[in-house]
Amino acid sequence: MSVSSVHIATQDPSRLIRRLCKHWAHKYPVSFDERQGEIQLALGHCLLRASDGLLDVRLQASDAEQASFFRQVVAEHLQRMAGGETLDFVWRDDEAGIAPGEGKD
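This structure is a prediction, so every number in the text was calculated from the model and none was measured.

J.: What am I meant to see in the sheet that holds strand β6 (residues 92-93) here?
T.: In any sheet, the strands associate via hydrogen bonds between backbone groups, in a parallel or an antiparallel arrangement. A sheet is described by the order of its strands in space; here six strands give the open sequence β2-β3-β4-β5-β1-β6, paired in antiparallel fashion. Across the chains shown, the open sheet's two edge strands, defined by having one partner strand only, are β2 (30-32) and β6. One ladder, built from eight bridges, connects strand β1 (residues 2-9) with strand β5 (residues 54-61); its direction is antiparallel. Its bridge partner lying in β5, S2 is registered against A61. Where helix α2 (residues 64-81) meets the sheet, it contacts β1, β3 (36-41), β4 (44-51), β5 and β6, and its direction lies at approximately 150° from that of β5.

Structure, rendered in structure tokens:
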């Protein structure tokens, strides 16, 4: 299992969660609200969490090669969803970050 995470400064993290989840909902299992989104893609699991001015993304893939491609796919889609805002992606490869289901009520 390969885990990647990134913290992205953004003006409206909830909007990015909503837009990305709606975009992929026609093809993959998705759940989301204003604070968190989960997407189960063929590439792996994507967890998104919003806080003030910050979007946390955690990806789980089967191996490092798939994780690298998964990071690229998610980053490209988030950047498209951001409109005119430029997002900065500095991915971390580790077990740190947010766990699936963490923070759910």
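J.: Would you take a moment to explain the packing of helix α1 (residues 13-24) against α2 for this structure?
T.: Describing two packed helices takes the angle between their axes plus the distance from one axis to the other. Relative orientation of the contacting elements α1 and α2 amounts to 115°, with a least axis distance of 9 Å. Considered as vectors, α1 and α2 are oriented roughly perpendicular to each other. When the axes of α1 and α2 are compared, the crossing they make is right-handed. Taking contact as the criterion, the partners of R15, L16, R19, L20, H23 and W24 in α1 are, on α2, V73, V74, H77, L78, R80 and M81. Here the residues of the contact of α1 with α2 sort into seven nonpolar, two polar and three charged.

J.: How should I be thinking about the side chain of H45 in this particular structure?
T.: Here H45 shows up in strand β4. For H45, a relative accessible area of 12% puts it in the buried group. Engagement of the side chain of H45 in a polar contact is seen with the side chain of E38, the distance being 2.8 Å.

J.: How do you make sense of the side chain of S4 when you look at a structure like this?
T.: Within the secondary structure, S4 sits in strand β1. Beyond its immediate chain neighbours, meaning those up to four positions away, S4 contacts V57, R58, L59, A67, R71, W91, R92, D93 and D94.

J.: Would you mind showing me how to read the pairing of β1 here?
T.: Residues in a regular strand project their side chains so that they alternate between the two faces of the sheet. Judged by how many residues are buried, β1 sits mostly within the fold: six of eight residues are covered. Strand direction decides the pairing type here: β1 and β6, joined by two bridges, are antiparallel. Across the sheet, the residue bridging to S4 is D93, located in β6.

Calculation rules
- Residues numbered from 1 in each chain as written.
- Predicted model: local features only at pLDDT ≥ 70, side-chain atom pairs only at ≥ 80, totals over all residues.
- Heavy atoms only, no water.
- Pairing = 2+ DSSP bridges.
- Helix = DSSP H or I, 4+ residues; strand = E, 2+ residues; numbered from the N terminus.
- Contact = heavy atoms within 4.5 Å.
- Axes fitted to C-alpha atoms, helices over the stretch in contact; angles between N-to-C directions.
- Parallel < 35°, antiparallel > 145°, perpendicular 65-115°, else oblique.
- Left-handed = near helix turned anticlockwise from the far one by under 90°.
- Nonpolar A, V, L, I, M, F, W, Y, C, P; charged D, E, K, R; others polar.
- Buried < 20%, exposed > 50% of the residue type's maximum accessible area, 1.4 Å probe, protein only.
- Polar contact = N/O pair within 3.5 Å; in protein donor to acceptor, adjacent residues only side chain to side chain.

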